[in-house]
Amino acid sequence: MKKEKPQSIRFDYNNMMSAYVGKKEGFTAKDLLSVREKARAAHAYVKENRGTGMMGWTELPYNQNEIVSDILLTAKAVRRKCDTFVVLGIGGSALGPMAVFQALCHLRHNDLPKSKRKAPKFYVEDNVDPERMQSLFDILDLDKTIFNVITKSGSTSETMSQYLIIMKMLKDRFGDKASEHIIATTDVQKGNLIKIAKEEGLKTFYIPDGVGGRFSELCPVGLLPAAVLGIDIKALLKGAAFMDRACRKPDYKQNPALAAAALQYLAIQKGKNISVMMPYADSLKLMADWYCQLWGESLGKSVNNQGETVYVGQTPVKALGVTDQHSQVQLYTEGPFDKVITLIGVDNYRATVEISGGCEQYPSVSFLSGHTLNELITSERIATEYALTKNERLNNSILLPEVNAHTVGQLLMFFMLQTAYIGAMLDINTFNQPGVEEGKNATYALLGRDGYQEKAAELNARTPKSDEYIIG
Ligand code: PA5
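Residues numbered from 1 in each chain as written. Predicted model: local features only at pLDDT ≥ 70, side-chain atom pairs only at ≥ 80, totals over all residues. Heavy atoms only, no water.

The protein chain is annotated in an unreviewed UniProt entry as Glucose-6-phosphate isomerase from Candidatus Stercoripulliclostridium merdipullorum. Check the Sequence similarities (unreviewed entry) section of the UniProt entry for the protein chain; it says "Belongs to the GPI family." Turning to the protein chain, the UniProt annotation filed under Function (unreviewed entry) states: "Catalyzes the reversible isomerization of glucose-6-phosphate to fructose-6-phosphate." (UniProt positions renumbered as here; feature names shortened; annotations may be inferred.)

Structure (structure tokens):
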């Protein structure tokens, strides 16, 4: 039997080019040529460094056979034992699992009756809002719940607070058997969670070296929740490998992620400080959230690799087609020329809904009859693309033949490679996040953590707020 060719996602950058979006805003072949060498150098950097330093994530599609087997076995046992699976994590330890769940499970998964769900209900607790946590307690049946506490550093206050709360509840209820209700995913050496996991005898998965939070969806951080949900994680990894191979060429014309990086690099040089990610699919809505962290934390840097002050970055903004056509698109088409808009389209949605007949006396309503919602959403995407282009707004499109594990794996790898390439072009450290540390340290100081007395003194010495500037 002939093997079917895998469906490939497509990157369409016509509307970044002057021939389409106009000479003032659009790029010419000459513009692209001017960054060709920089792009080649970025490609060479990624190629040389893949699998080393903080670029361990490039190898995840290839080096996890054993781990995948363990994950699949664990996931099977979890599905047998529980009705609800809860991830405790934040940032990169939450956004990937949420994005893949939204993309590849039924859009109303948690609302489906058990007989139709085929996998536990799924919640990701990525905030410490007490009302939200309390509301979770109100719906959980602890007997049938398994928690997955995920933290690479093993010390993030939000996640460790949640761990403390949940572990106490579990111990009160199950005594020695509490550990059967928690799985840990963390660094093999660093941080406290690994020590706690050993003491408590928790089943533990490891986040490999060189895989930072926002690049961790394709390791156990994302694979375990996905497998518990019945998602084909082998297909997800195969999709990522497929995109990785599609990006092996050093010429941007043959490398979609490199082309996307080179174009955003040019856009940044031209003052386009905002990158809007707008999927036309509810299933990809949270993919935009995941992208925002990846793009924002990786590229927002004050210094470059030479130690020079650069203050670079491009603010990522999430939007949803068509919903945000009635909220944001006015700004995108007529506001400042400071954005690049990326539309994500889907060729074949997993459902077809026909628009019913009726209201024949109102032709401006009845013209919709006989069409499908599929045609409507696709027409609206094309129409928005047209309106943006007509108004000389830089835009490009990523098109998925359909949303499935393979294409989602491709999409994840596409964005991670694009981020690594543009980070290299900007000559910054793409993989650190020093700007997050100040807030983390100040929180430790405010809560009296040992070793943070100096920071507490610094905080206490800050200029007190004036009532003059507080109204009400
Ligand atoms: O990308 C990152 O490294 C961060 O956003 C982390 O994911 C986030 O701070 C959570 O960290 P941790 O997984 O160590 O709890």
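Text resumes after the structure shown.
Caption draft 1: A look at the nonpolar core. By size, the foremost hydrophobic cluster in this structure holds 102 residues, and its most contacted members are Trp57, Leu284 and Phe415. Sorting elements by how many residues they give to this core places helix H17 (residues 405–425) first, with 13 residues. Leu140, Phe147, Val149 and Leu170 belong to the second-largest nonpolar core, a separate cluster that totals 20 residues. (Core = buried A, V, L, I, M, F, W, Y, C linked by side-chain atoms within 4.5 Å. Buried < 20%, exposed > 50% of the residue type's maximum accessible area, 1.4 Å probe, protein only. Helix = DSSP H or I, 4+ residues; strand = E, 2+ residues; numbered from the N terminus.)

Caption draft 2: Region of interest: the sheet that holds strand E1 (residues 10–12). Pairing is mixed across the open sheet formed by five strands, whose spatial order is E1-E12-E11-E7-E10. Looking at the sheet topology across the chains shown, the edges are occupied by E1 and strand E10 (315–318). Averaged over all neighbouring strand pairs, the angle between strand axes comes to 20°, with direction disregarded. Direction of pairing for strand E7 (residues 274–279) relative to E10: parallel, over a ladder of four bridges. Following the sheet pairing, Met277 is matched in E10 by Lys318. Helix H12 (residues 256–269) contacts E1, E7 and strand E11 (339–346) of the sheet and is inclined by roughly 30° relative to E1. Across the face of the sheet, helix H13 (residues 285–299) comes into contact with E7 and E10 while running at roughly 175° to E10. (Pairing = 2+ DSSP bridges. Axes fitted to C-alpha atoms, helices over the stretch in contact; angles between N-to-C directions. Contact = heavy atoms within 4.5 Å.)

Caption draft 3: Representation of the UniProt feature "active site" (unreviewed entry) in the protein chain. Using the residue numbers shown here, the UniProt feature "active site" (unreviewed entry) corresponds to Glu297, His326 and Lys440. Over a stretch of 144 residues, the named residues are scattered through the fold, their C-alpha atoms separated by up to 36.8 Å. As for its placement among the helices and strands, Glu297 is situated in helix H13. Owing to a relative accessible area of 26%, Glu297 belongs among the partly exposed residues under this scheme. Looking at Glu297, its side chain comes within polar contact range of the side chain of Arg214, at 2.9 Å. Counting through the fold element by element, Lys440 comes out in helix H18 (residues 434–446). Assessed through its relative accessible area of 28%, Lys440 is described here as partly exposed. (Polar contact = N/O pair within 3.5 Å; in protein donor to acceptor, adjacent residues only side chain to side chain.)

Caption draft 4: Fine view of the packing of H13 against H17. In contact at an axis separation of 10 Å, H13 and H17 are set at 15° when each is read in the N-to-C sense. As the angle between them shows, H13 and H17 are arranged roughly parallel. Pair H13 / H17 crosses with right-handed handedness. Contact residues: H13 offers Met287, Trp290, Tyr291, Leu294, Trp295, Ser298 and Leu299, while H17 offers Val408, Leu411, Leu412, Phe415, Met416, Gln418, Thr419, Ile422 and Gly423. Partitioned by chemical class, the residues of the contact of H13 with H17 number 12 nonpolar, four polar and no charged. (Parallel < 35°, antiparallel > 145°, perpendicular 65-115°, else oblique. Left-handed = near helix turned anticlockwise from the far one by under 90°. Nonpolar A, V, L, I, M, F, W, Y, C, P; charged D, E, K, R; others polar.)

Caption draft 5: Local environment of the site of the ligand. Around the ligand, the structure places 14 residues, and the nearest of them are Ser93, Thr151, Ser153, Thr156 and Gln293. Separating an oxygen atom of the ligand from a side-chain N or O atom of Gln293 is a distance of 2.5 Å. Across the complex, the protein chains shield 91% of the 390 Å² of accessible surface that the ligand would expose by itself. Considering only residue class, the shell around the ligand consists of one nonpolar, nine polar and four charged. (Near = heavy atom within 4 Å. Areas by Shrake-Rupley, 256 points an atom, 1.4 Å probe, with all protein chains shown as cover.)

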